[in-house]
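# Residue-level structure breakdown
Residues per chain, in single letters:
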Amino acid sequence: MKFYLAVLTALWLAPPIFAQDCTQSVSGEIIDFHDKTPLSGALVVVVNQDLQVTTDDKGKFTIKGLCASTIELEISHPECTSQFLKVDIHDKKELKISLEHHLELLEEVQVVGAAQKQKTPSSIEKTVQLGTIERMSGGSLGDVLKTVSGVSSLNTGANIVKPVIQGLNGSRVLILNNEVRMQDMEWGAEHAPNIDINAANRITLVKGAGALQYGGDAIGGVILITPEKMAAKDSLYGKILANGVTNGRGGNATLELTKSFENGWFVKAQGSYKRLGDLEAPAYVLSNTGISQVGGSLQIGKNNFKEGWEAYYSYFDTDIAILRASHIGNVDDLITAINSKQPSFISPFGYTIDNPSQEVTHHLIKGNYYKRFEGLGKLKIQYDYQQNQRFEYDLRRGDARGIPSIDLTLRTHTFSSDFKIDADSEKQLMFGVMGRWQNNEADPSTGVRRLIPDYDKYDLGAFATLEYHVSNQLILDGGLRYDFSRIDAKKFYQRSRWEERGYDQDFAALVIEDFGTQLLTNPVLDFHNVSGTLGGKYKLGNETDIRVNYALSQRAPNASEVFSEGLHHSAARIELGDLRIKSEISHKVAVALEKKSVKWGYSLAPYANRINDFILLEPSGVEFTIRGAFPVWAYRQTDALLLGVDANIYSQWFSKWRSEHQLSFIKGRDETLGNALINVPPVRLQNSLIYQNPTLKGLRVAIESNYVFRQNEFPPNITVFSPEDNSSIVLDINTPPPAYHLLNLDVETAFKLQKNTLTLGVNISNLLDTEYRDYLNRLRLFADDIGRNISLRLKYIF
Amino acid sequence: MKTRAFYFSMMISSLLLVSCNNDDNDPAPVNEEEVITTLTVVLTPQSGTAVTLRSQDLDGDGPNAPVVTVSGPLAENSSYSGAITVLNETESPAEDITLEVEEEDDEHQFFYGITGLNATTEYGNFDDDQNPLGTEFTLMTTDASSGSITFTLRHEPKKPNDGTLADAGGETDIAVSFDLTIE
């Protein structure tokens, strides 16, 4: 155990070191510690480089084309404890490495490195490593995930960033924060995940619904945010990260402390704070776009091979100002905003967070326990509680000025348990159950009719998955899951709306009390969903593999899709859910061909996702009030088809020069109407050139180009009557903005301060101060996106 | 022992889970506080009958459109003193929002848009900085004509402004058109 921590610390302390040429090689043999038999299929990874090989039948391996004089190897085997080894390649001698045969310990004491066990062998997974997370410490989860091909984001300004995986977001993307499924009102387009990325050690993305143990409704995918795994070793260490930025004139800082003990006990505390003032577009200040954010977590537990437990608490509070100019009164204001090149409201830079704004607090408490049964497998049980409090403030008059327009409290209790039978290394069977109770409470003292009603939601789920290692080349996996969910809501409808929707015909029995102009109803909606997955991974030689996966997933509609009803002041639109909405069903086939070698590698991953009864929100018409006309955004269901491909390629041109290229391409069609789908991410091309010279204080210079094409396929605009013009005009609400190109520059260097390392970095995003608007930014109708930002970062590990 | 303690805490939490299960009290209805349902403009001539323009939308942001009524035509070459009242009639008794608008006069302004009518307007009341508010105004008619007049109330407009909606900005609280004739 001591070994792990030493390595772990060494990993952090050692900046990557490279020599001049890339012709070195290293070879060796890997044997079982107990019976000295050679271990075939063990993975040998060169840490901090995208380089890995597996051992042959005789347990032998050779890695060629190494650049550095000293490298670090991570050696892992599915049935063994992984090991780290520092190697001086000038020694030229054959390495002999023995691994301890401990089933699955790997998972418990996973260490920072390039290789992680896949959640499911056949799904497409990408992991964002700590280095990248630290480099983007001032950003959000969505910003970090955008470094992965196939991921884009749905923004409301620069501070509210929702990850979009292969065109899908919100309830279709499950976010697991330390194995707890986030329940943070993910249904809203302007609700960002309540995650402090600074608590993460690793962020893994599973594209598609293959990872059934987390839920059956991940039509888009699963995001796993994993804190550092603790080693059983006496140690005390810490980390400070600080960032200062010019755009927003603020910054953020994180402090992390870890104490662990030989007997398996550990405790870790982490806190971070972020404060920014108004952001700036190249031509003007984006008035009222500041943010104040506090995050903290405390983790305590005992981690042993046979059994262990953990208690975890995390706190997240964010106060986000929303662009003043985006708060508008009616459709005429919207038309004016769209036609005007500038926001209607620009004031000098300031730090104040004024209305409109939102304040969200999220508490997460978790306790879990695991126990291994010899010759059988591992049992895990977990309970978690989450409390999400959301306030949204609008511009209001008189006494209501300081009162939020939306005040929702969402409380969720979840109990889950699973059992993994892994005694047979060829077949691993896992099954589990989940029960959840959720309560939403909308405070009536807002003086604004509830957009989301009070409700209780009950979920029950059960799953089984099987992973079958057919041969050294082929792994098959499959799984089945059933979920029951019931929403029991108490909702007030305006009588006029109840009748306009035809609910008085179809749902008359739901009315429990008549208040004259309003009706109190009690809809109880049950959903039975079945999901399943089947796939395989086949090795084509040492460096290449191919994966094929089919996933069926069903998702019950969320509270917003069913119940939304009313004027969304901050968006100047009337949003309407539909009581008749049923579960959507996705059939997705994904294929990935991947090659990884020293000199170059690629990944080509096409997919097709057919979603029956796809639930979408789009402008459907106009309603009149005394404030003028408002566009109505109604939820409806249709059959949709998403087709896309995510492509990556990299090449190590010279020992210090490397280039990486990424293309994300997706098309979305409404099969029923024959139209394009709304909010499909435009094609994106990312290219970066990286220069790394470890002999020069670990210097790393990266220049990155981001080209976002114009989305040429979008649903038709709607025609509205403008009282101001006294005529009908086309509301240009769906038309995407033009293509844009951004350049980013990042320079990083590391210094040794006695035993500790200080890393300094400068990052310039939007280097050329380009004026642009992004199709998936909801504020694109009102203002340009943010301009050049220079940030200075500092990392100190002690 | 530690494991047992853990089990115990799990049991406690599951008990909590059950015990905090909500009572079955029904939620209270929310009456929109800031909704404007009714705009009434009374145009009083120096002599003759007053003309009342009204737009009433009792379901606020509900599906029903406002009901717009005009009591009669305007007279040629006359001067009318206009008074605007803004109400929230979802509350009982109706809340007079005009008072709030007049209290926060530096953050509000009415605009009068006239098309087709041979008529002009002049602001009748102002905020402390002598910028127009416009809940009171004067309407002067000349020759017979027909057309419409649009009343727009802006919240947090730029003040002072050049009198156009485009320059004023802010958000629209009221936008109502009345078809009128001058006889």
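Predicted model only: the values in this text are computed from it and were never measured.

### Looking at the overall build of chain A
Check the secondary structure of chain A and you find 8 helices and 45 strands. Relative to its length of 798 residues, chain A is compact, with a C-alpha radius of gyration of 27 Å against a globular reference of 28 Å. Principal-axis analysis of the C-alpha atoms gives chain A an extent of 85 × 55 × 45 Å. Sorting the 798 residues of chain A into buried and exposed places 62% on the buried side. Here chain A holds 84 positive side-chain charges and 94 negative ones, and the gap between their average locations is 5 Å.

### Observations concerning the overall build of chain B
The helix and strand inventory of chain B stands at 3 helices and 10 strands. Each helix (α) and strand (β) of chain B, taken in turn from the N terminus, gives the series α-β-β-β-β-β-α-β-β-β-β-α-β. Each of the 183 residues in chain B was classed as buried or not, and the buried ones make up 45%. Taking as baseline every contact in chain B between residues at least 6 positions apart, the subset at least 24 positions apart corresponds to 63%. Per element, the accessible surface of chain B, about 8800 Å² overall, is 51% carbon and sulfur.

### Here's the deal with the sheet that holds strand β14 (residues 221-226) of chain A
Overall, mixed pairing links the 5 strands, which are arranged β8-β13-β14-β11-β12 (chain A) in an open sheet. The outermost strands of the open sheet, each flanked by one partner alone, are β8 (124-128) and β12 (180-181) of chain A.

### Quick word on the interface of chain A and chain B
Counting from both sides, the interface comprises 54 residues of chain A and, opposite them, 56 residues of chain B. Carbon and sulfur atoms supply 54% of the area buried between chain A and chain B, which totals about 4700 Å² over both sides. Counting the surface chain A buries against chain B, the share from its top three residues, Arg397(A), Trp437(A) and Ile626(A), is 19%. Linking chain A with chain B are 4 salt bridges. Its salt-bridge partner being Glu171(B), residue Arg627(A) comes within 4.0 Å of it at the nearest N-O pair. Where chain A packs against chain B, one counts 13 residue pairs in polar contact (both at pLDDT 80 or more). Taken together, the residues of the side of chain A that touches chain B break down into 21 nonpolar, 17 polar and 16 charged.

### Considerations on the environment of Glu89(B)
All names here are of chain B. One can find Glu89 in the loop between β4 (79-88) and β5 (95-96). Not counting the four nearest positions on each side in its chain, Glu89 is found in contact with Thr37, Thr38, Gln56, Leu58 and Ala94. Of note is the side chain of Glu89, whose polar atom sits 2.3 Å from the side chain of Thr38. Of note is the side chain of Glu89, whose polar atom sits 2.7 Å from the side chain of Gln56.

### Here's the deal with helix α5 (residues 331-339) of chain A
Count 3.6 residues to each turn of an α-helix, and residues three or four apart come out pointing the same way. Summarising burial for α5(A): 7 of the 9 residues are buried, a large majority. Along α5(A), the residues classified as buried are Val331(A), Asp332(A), Asp333(A), Leu334(A), Ile335(A), Ala337(A) and Ile338(A). Buried residues along α5(A) sit in contact with β36 (628-652), β41 (718-722) and β42 (727-731) of chain A together with β9 (145-155) and β10 (171-182) of chain B. Regarding α5(A), its N-cap is Asn330(A), as a side-chain oxygen of that residue lies 3.0 Å from the backbone nitrogen of Asp332(A) further along.

### A few points about the side chain of Arg684(A)
All names here are of chain A. Tracing the chain through its elements places Arg684 in strand β39 (residues 684-693). Among the polar contacts listed, one links the side chain of Arg684 to the backbone oxygen of Lys146, at a separation of 3.2 Å. There is a polar contact of 2.8 Å between the side chain of Arg684 and the backbone oxygen of Val151. Leaving out residues up to four positions away in the same chain, Arg684 has contacts with Lys146, Val148, Val151, Ser152, Gln662, Leu663, Ser664, Tyr707 and Val708.

### Some points on the nonpolar core
Ranked by size, the top nonpolar core spans 47 residues in total, and within it Leu286(A), Leu323(A), Leu334(A), Val720(A), Leu731(A) and Phe782(A) carry the most contacts. When contributions to this core are tallied by element, the ones reaching two or more residues are β10 (160-165), α5, β33 (573-576), β35 (600-625), β36, β41 and β42 of chain A. Element by element, the count of residues in this core is highest for β36(A), at 6 residues. Residues contacting Leu334(A), with those up to four places away along its chain left out, are Ile328(A), Pro631(A), Leu731(A), Ile733(A), Leu781(A) and Phe782(A). Val51(B), Tyr112(B), Ala119(B) and Ile182(B) belong to the second largest nonpolar core, which has 28 residues in total.

### Notes on the pairing of β39(A)
On any regular strand, side chains alternate: one points to one face of the sheet, the next to the other face. Residue and element names in this part refer to chain A. Bridge analysis of strand β37 (residues 657-670) against β39 gives 8 bridges, and the strand direction is antiparallel. Each residue of the ladder has a partner; that of His661, found in β39, is Asn687. Where β39 lies against strand β40 (residues 699-708), 10 bridges are found, and the strand directions are antiparallel. Within β40, the position partnered with Gln686 by the bridge is Asn706.

### Things to note about the sheet that holds strand β7 (residues 95-99) of chain A
All names here are of chain A. Taking strand neighbours across the sheet as the criterion, the 3 strands line up as β4-β1-β7 in an open arrangement whose pairing is mixed. At either margin of the open sheet sits one strand with a lone partner, and together these are β4 (60-66) and β7. Each adjacent strand pair in this sheet contributes to an overall mean axis angle of 30°, direction not counted. Where strand β1 (residues 24-32) and β7 come together, 5 bridges link them in parallel fashion. Of the residues in β7, the one forming a bridge with Gly28 is Leu95.

### Overview of the pattern of salt bridges
It is possible for side chains bearing opposite charge to pair when their charged atoms get close. Residue and element names in this part refer to chain A. Tallying each qualifying case throughout the model produces 51 salt bridges over all chains. The partner of Lys207 in a salt bridge is Asp646, with the nearest N and O atoms 2.9 Å apart. With Lys207 in strand β13 (residues 202-207) and Asp646 in strand β36, this pair connects stretches of sequence that are 439 residues apart. Each member of the pair, Lys207 as well as Asp646, is classed as buried.

### Overview of a nonpolar patch on the surface
Residues and elements named next belong to chain A. A contiguous nonpolar surface patch, about 440 Å² in accessible area, is contributed by Ile240, Leu255, Leu257, Leu760, Leu794 and Phe798. Within the element layout of this structure, Ile240 appears in strand β15 (residues 235-245). Look at Ile240 and you get partly exposed, because its relative accessible area is 32%.

### Some remarks on the environment of Pro523(A)
Residues and elements named next belong to chain A. Inspection of the secondary structure puts Pro523 in the loop between β29 (518-521) and β30 (524-540). Among the residues examined, Pro523 registers a relative accessible area of 1% and is labelled buried. Each C-alpha atom, one on Pro523 and one on Asp488, is 6.1 Å from the other, the two residues being 35 residues apart in sequence. Ignoring sequence-local partners within four residues, the contact set of Pro523 consists of Ile487, Asp488, Ala489, Leu510, Phe563 and Leu579.

### Topic: unusual backbone geometry
Trans is the common state for peptide bonds, and a negative phi is the common state for residues other than glycine. Along the chain, Asn355(A) connects to Pro356(A) via a cis peptide bond; the corresponding omega equals 0°. The topology assignment puts Pro356(A) in the loop between α5 and β22 (357-373). A positive phi angle, close to 50°, is found at Gln754(A), a residue other than glycine. Looking at where Gln754(A) falls in the secondary structure, it is placed in the loop between β43 (740-753) and β44 (756-765). A relative accessible area of 79% means that Gln754(A) is categorised as exposed. You will see that Gln130(B), though not glycine, has its phi angle at about 65°, which is positive. Residue placement: Gln130(B) occurs in the loop between β7 (119-123) and β8 (136-141). By relative accessible area, which is 57% here, Gln130(B) ends up exposed.

### Brief notes about the packing of aromatic side chains
One pass over the structure, following the stated rule, counts 20 aromatic pairs over all chains. Judged by centre distance (5.0 Å) and plane angle (85°), the ring pair of Phe349(A) and Tyr351(A) falls under edge-to-face. The interplanar angle of 25° and the centroid separation of 5.9 Å between the aromatic rings of Tyr796(A) and Phe798(A) together place this pair among those described as stacked. Here Tyr796(A) falls in the partly exposed class, since its relative accessible area comes to 23%. Taken together, Tyr112(B), Tyr123(B), Phe137(B), Phe151(B) and Phe178(B) form an aromatic cluster joined through their ring pairs. Taking the ring centre of Phe261(A) as reference, the NZ or CZ of Lys259(A) above it sits at 4.7 Å.

Rules of the game
Residues numbered from 1 in each chain as written. Chains lettered and ligands numbered in written order. Predicted model: local features only at pLDDT ≥ 70, side-chain atom pairs only at ≥ 80, totals over all residues. Heavy atoms only, no water. Helix = DSSP H or I, 4+ residues; strand = E, 2+ residues; numbered from the N terminus. Rg over C-alpha atoms; globule rule 2.2 N^0.38 Å. Buried < 20%, exposed > 50% of the residue type's maximum accessible area, 1.4 Å probe, protein only. Lys, Arg positive; Asp, Glu negative; His and termini not counted. Charge placed at Lys NZ, Arg CZ, Asp CG, Glu CD. Contact = heavy atoms within 4.5 Å. Areas by Shrake-Rupley, 256 points an atom, 1.4 Å probe, with all protein chains shown as cover. Pairing = 2+ DSSP bridges. Buried area = accessible area lost by both parts, 1.4 Å probe. Salt bridge = Lys/Arg side-chain N within 4 Å of Asp/Glu carboxyl O. Polar contact = N/O pair within 3.5 Å; in protein donor to acceptor, adjacent residues only side chain to side chain. Nonpolar A, V, L, I, M, F, W, Y, C, P; charged D, E, K, R; others polar. Core = buried A, V, L, I, M, F, W, Y, C linked by side-chain atoms within 4.5 Å. Axes fitted to C-alpha atoms, helices over the stretch in contact; angles between N-to-C directions. Patch = residues over 30% accessible without salt bridge, like charges linked within 9 Å, V, L, I, M, F, W, Y side chains within 5 Å. Phe/Tyr/Trp six-rings, centres within 6.5 Å; stacked < 30°, edge-to-face > 60°. Lys NZ or Arg CZ within 6 Å of the ring centre and 35° of its normal.

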